Amino acid sequence: MLTAACGDNKVPLTDAGLPADAQPDFDADPSELQVLSTAPAANALQVGTASEVTVQFDRPVDRASVGETSLWAFGQWSGTHRGNYEFADNDSRVTLTGARPLIPGEQVTVVIANSLASADGGGTLRPGGYSFQFRVGSSASSMNFVEIDRLDSRNANQNVGQSYGGLATDLDLDGYPDITIVNEMSEDLVVFMNDADGTASVTRTDSDYLVGIRPSPSEPGDFNGDGRTDIAVANIGSGISVLLGQEGGTLAAEREYTAGAGPRGIAVLDADGDGDLDIVNSNSRNGGSISLLLNTGNGTFESAITFDGGCNGEWAIATADMNLDGMLDIVVGCHDDGVVTVLTSNGDGSFDLRETKTGPVGLWMIVTGDLSGDGYADLTVAGGLSDNGAIYLGAPDGVLGEAAYYGTDPSTSATDIGDLDGDGDLDWITSSFGGANSDWYVWLNDGLGTFTKMGEIDSPQDASCALLVDLDLDGDLDLGLIDEGADVLIILRND
C-alpha cells in the first residue's frame, strides 16, 4: 500500500511529464513558446502540501511576462496561490512558490496564460495557454468517522431550504476550508466558517446570500484575480450567479448572467487561454445545450456562448484535460438519453466532440479524477433515475472505456471522490435521496479504478451530497454530509 504524501515535500522535475504513451494530440507551432513538462505532472495524485509548481519550457522565458496573472494556481479548498517566481536552466525553468500551503486531499488547477513570452522576442505561448490539474495527498487513515456536529442549514428566517448541495473552500484566507451550502427552495447560500482550531468544527455565520431561482450546483474560483475565493452558482430557473469574495470571508451581492434554459451543472476553466477563469454550464431544457461565459478579466463575464453538448438534455458537467494536451476539456452527462460525451478544447473558447459513451438514463452528476493511477482523467457518474453509479476509465486522446455500473439506493444525485483511507488512490461516495433508503454509500478503490462497497451512512431523510475535505488540517479527509430533506449539515471527523 502506498502512503499518501503530506507535509512540505517537493515533487522533483524528473517525476513530471506525460505518460510515455500519452503524448498530446496537437501540432506544435515551432514559433510559439512550448511547455515541455511540469512538476507536479498532470493528474498527479500524491502531491505534497508545499505550494510549489515548476514548469519547464523549450526556451528561456521573458521574466517580465511571468506574474500573478500569467502563472498561478487555484486550490478548490485553499483558494488562490500566487507568490514568488524562481528561474533556472537559463530561465527556461520557472518555479512558482505560493505564500500558503495546499490542503491535503484537494484538487489544484494551474493556469498559464498565452501572454507568457520567450526572452528572445520570438513568440508567446500558444493562444490556448496551458492548464493542468493535480491532487494533494492525504494521510493514511483507519476511516473511523465520528459525528461531531449536526447543524441547521436553513436560512436565518428558517424557510425550508432543500439544501441541495455545497462546497468547501477557504473564504477568509485563514488556511482552513469553510463550508457554503446551497439552498434550492429558499434560494440562498448559507455559510459555515471553520473554527480553525483543529477540531473540524464549523460555525454558522449571520449572513445569508441571495442567488437566483432554484439554485443547484456551485463552484469556487478567483474570477477577479484579487486572491479571494469567489463562488459561481447555476440557477435552474434563471441563470448563473457570481458572488465575489470580500475581506473577512464575506461575499458581495450576486450578479446574475443569462445562460441557456434550465442550468443544471457548472464548472470553471480557462477556456480561451488568457489566464483568467471562465464559467461553463449545462442547460437541461429545450433539448439541452452548453453555455460558456468568458471572463473579461475583472470578474465580470461576456454574454454566454451557447453550443451543443453532443446529446439530449445536458445535465451534468465537469472539466479535465482528457487528451493531455495542456488544455482543460469538458465532460457532459445527459439526463434524457443517458449519454456521456467528451468535448475537447481548441483553446479559443470552442470545443469539438471527441467521444460519446452510453451511460445511465437520468444521469445527474459527473466528477473527474485519475481513479486508476495511470495519469489519465477518469469519470465518476451519479446515475440519478437509474439507481446506480458508473465509472469510466480514460485513455489517450480523450477516449473513454465502457461504463462499469455499481448499484446504489434509488435516486442517486451526487458523486464525490477523495482518498479516504490515504492509500494513494481516490475513493468514492455516492449520495441517494430515495425516501426510506436514502443514504451515502462509501466505496473503496483497489488502485486500478475498481470499487468495493465498504459501508453505508444513513441519512436523516434525503442524502444530497458529500464533501470529502480535510476540515481539521490533520492530513486525512473528514466528511461534510448534506441532507436536503432535513436541511442539515452533518460533520464527521476522521479520527
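It should be noted that the structure appears before, not after, this text.
Predicted model, so just to flag it, every value in this text is computed and none were measured.

Draft legend 1. Fine view of the overall build of the chain. Within the chain, the secondary structure is distributed over 0 helices and 36 strands. For the chain, the spread of C-alpha atoms along the principal axes amounts to about 65 × 50 × 45 Å. Per-residue burial for the chain yields a buried fraction of 62% across its 495 residues. Pairs at least 24 residues apart make up 54% of the contacts formed inside the chain by residues separated by at least 6 positions. When the accessible surface of the chain is summed, it comes to about 16,500 Å², and 47% of that surface belongs to carbon and sulfur atoms. Computing the positive centroid from 20 side-chain charges and the negative centroid from 80, the chain places the two 3 Å apart.

Draft legend 2. Structural detail: the packing of aromatic side chains. Applying the stated criterion across every chain, the model contains 13 aromatic pairs. Relative to F351, the ring of F307 lies with its centre 5.8 Å away and its plane at 15°, an arrangement referred to as stacked. In this pair, F307 sits in strand β21 (residues 305-307) while F351 sits in strand β25 (residues 351-358), placing the two residues 44 residues apart along the sequence. Grouping aromatic residues by their ring pairs yields a cluster made of Y406, W428, Y441, W443 and F451. Here the basic side chain of R82 rests over the ring of W72, its NZ or CZ set 4.6 Å away from the ring centre. K453 extends its terminal NZ or CZ atom over the ring of Y441, reaching a point 3.7 Å from the ring centre.

Draft legend 3. Structural view of the sheet that holds strand β32 (residues 439-445). Reading across from one edge, β30-β31-β32-β33 is the order of the 4 strands in this open sheet, with antiparallel pairing throughout. Each edge of the sheet is formed by a strand with only one pairing partner; in this case those strands are β30 (412-418) and β33 (451-458). Strand-to-strand twist of the sheet, defined as the mean angle between neighbouring strand axes without regard to direction, takes the value 20°. As paired strands, β32 and β33 are joined by 7 bridges and run antiparallel to one another. Note that in β33 the partner of N445 across the bridge is F451.

Draft legend 4. Structural context of the state of the cysteines. Under the defined criterion, the tally for this structure stands at 1 disulfide. Linked covalently through their sulfurs, C311 and C334 form a disulfide whose S-S length is 1.6 Å. Remark: C334 occurs in strand β23 (residues 329-334) and C311 occurs in the loop between β21 and β22 (314-320); sequence separation between them is 23 residues. For the pair C311 and C334, a shared accessibility class is recorded, and that class is buried.

Parameters and conventions
- Residues numbered from 1 in each chain as written.
- Predicted model: local features only at pLDDT ≥ 70, side-chain atom pairs only at ≥ 80, totals over all residues.
- Heavy atoms only, no water.
- Helix = DSSP H or I, 4+ residues; strand = E, 2+ residues; numbered from the N terminus.
- Buried < 20%, exposed > 50% of the residue type's maximum accessible area, 1.4 Å probe, protein only.
- Contact = heavy atoms within 4.5 Å.
- Areas by Shrake-Rupley, 256 points an atom, 1.4 Å probe, with all protein chains shown as cover.
- Lys, Arg positive; Asp, Glu negative; His and termini not counted.
- Charge placed at Lys NZ, Arg CZ, Asp CG, Glu CD.
- Phe/Tyr/Trp six-rings, centres within 6.5 Å; stacked < 30°, edge-to-face > 60°.
- Lys NZ or Arg CZ within 6 Å of the ring centre and 35° of its normal.
- Pairing = 2+ DSSP bridges.
- Axes fitted to C-alpha atoms, helices over the stretch in contact; angles between N-to-C directions.
- Disulfide = S-S within 2.5 Å.

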